[in-house]
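Here is how the chains run, residue by residue.
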Amino acid sequence: VQLQAYGGGLVQAGGSLRLSCGASARTFSTYAMGWFRQAPGKEREFVATISWVGGSTYYADSVKDRFTISRDNAKNTVYLQMNSLKPEDTAVYYCAADGPYQYRLSYYASEYDYWGQGTQVTVSS
């Protein structure tokens, strides 16, 4: 599975961005998908995940009620809608795939098998 994340950019605090992640595999619909981020000098951290069936989601506390993960299996794409952005959201954002057919919503990066290249999000104060 090849993943490509895009949609990052520079935005002012309080603004919004929508990240997208396209997948090459025709089996995309069988993978749980996640978003992670890594700020300079920090470890990669979990942001959000969505199941491959049923549309269940799980968020890090730091982004809950501000970010929304969704997927369009017809387009082989997962999205991360980011609202009310804060300077501390500045990071490189990565999408990842866990599966196929994994019945879990994992926040452990080690449980994801495939990763995109990352897209930079910068939030100015």
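Residues numbered from 1 in each chain as written. Predicted model: local features only at pLDDT ≥ 70, side-chain atom pairs only at ≥ 80, totals over all residues. Heavy atoms only, no water.

I keep staring at the pattern of salt bridges and nothing clicks. Help me out?
Any two side chains of opposite charge can pair, given that their charged atoms come close. By the definition in use, this model includes six salt bridges. Between Asp61 and Lys64 there is a salt bridge, and its shortest N-O distance comes to 3.1 Å. Given a relative accessible area of 65%, Asp61 falls into the exposed group. Residue class for Lys64 comes out partly exposed when judged on its relative accessible area of 39%. Here Glu111 ties to Arg104 by a salt bridge, and the two come within 3.8 Å at their closest N and O atoms. Of the residues examined, Glu111 reaches a relative accessible area of 28% and is grouped as partly exposed. (Salt bridge = Lys/Arg side-chain N within 4 Å of Asp/Glu carboxyl O. Buried < 20%, exposed > 50% of the residue type's maximum accessible area, 1.4 Å probe, protein only.)

Would you mind showing me how to read the environment of Tyr93 here?
Inspection of the secondary structure puts Tyr93 in strand S9 (residues 91-98). Judged by its relative accessible area of 0%, Tyr93 falls in the buried class. Along the chain, Tyr93 and Ser106 lie 13 residues apart, while their C-alpha atoms are 17 Å from each other. Not counting the four nearest positions on each side in its chain, Tyr93 is found in contact with Ala5, Leu19, Trp35, Phe36, Arg37, Val47, Phe67, Leu80, Met82, Gly118, Thr119 and Val121. There is a polar contact of 2.9 Å between the side chain of Tyr93 and the side chain of Arg37. At 2.6 Å, the side chain of Tyr93 and the backbone oxygen of Asp89 are in polar contact. (Helix = DSSP H or I, 4+ residues; strand = E, 2+ residues; numbered from the N terminus. Contact = heavy atoms within 4.5 Å. Polar contact = N/O pair within 3.5 Å; in protein donor to acceptor, adjacent residues only side chain to side chain.)

Any chance you could explain the nonpolar core here in plain terms?
Nonpolar side chains in soluble globular proteins tend to end up buried together. Judged by nonpolar contacts, the single largest core of 33 residues is most densely connected at Met33, Trp35, Leu80, Met82 and Tyr93. Of all elements in the fold, only strand S1 (3-6), strand S3 (17-23), strand S4 (32-38), strand S5 (45-50), strand S7 (67-72), strand S8 (77-82), S9 and strand S11 (119-124) reach the threshold of two or more residues within this core. Broken down by element, this core gets its largest block of residues, five residues, from S9. Leaving out residues up to four positions away in the same chain, Leu80 has contacts with Leu17, Arg18, Leu19, Trp35, Val47, Ala48, Phe67, Thr68, Ile69 and Tyr93. (Core = buried A, V, L, I, M, F, W, Y, C linked by side-chain atoms within 4.5 Å.)

Looking at this model, I keep getting lost on the state of the cysteines. Mind explaining?
Here a disulfide denotes one covalent bond, and it connects the sulfur atoms of two cysteines. Overall, the coordinates contain one disulfide when judged by the stated rule. Between the sulfur atoms of Cys21 and its disulfide mate Cys95 the distance is 2.1 Å. Measuring handedness by torsion sign, the sulfur bridge of Cys21 and Cys95 sits at about 60° and is right-handed. Placement of Cys21 in strand S3 and of Cys95 in strand S9 is noted, with a sequence separation of 74 residues between them. You can call Cys95 buried: its relative accessible area is 0%. (Disulfide = S-S within 2.5 Å.)

Please clarify how the sheet that holds S3 should be interpreted in this entry.
Remark on secondary structure: sheet strands pair via backbone hydrogen bonds, oriented parallel or antiparallel. Taken together, four strands build an open sheet; the order of strands is S1-S3-S8-S7 and the sheet is antiparallel. Looking at the sheet topology across the chains shown, the edges are occupied by S1 and S7. Across the sheet, the mean angle separating the axes of adjacent strands is 15° when strand polarity is ignored. Examined bridge by bridge, S3 and S8 share six bridges and lie antiparallel to one another. Following the sheet pairing, Arg18 is matched in S8 by Gln81. (Pairing = 2+ DSSP bridges. Axes fitted to C-alpha atoms, helices over the stretch in contact; angles between N-to-C directions.)

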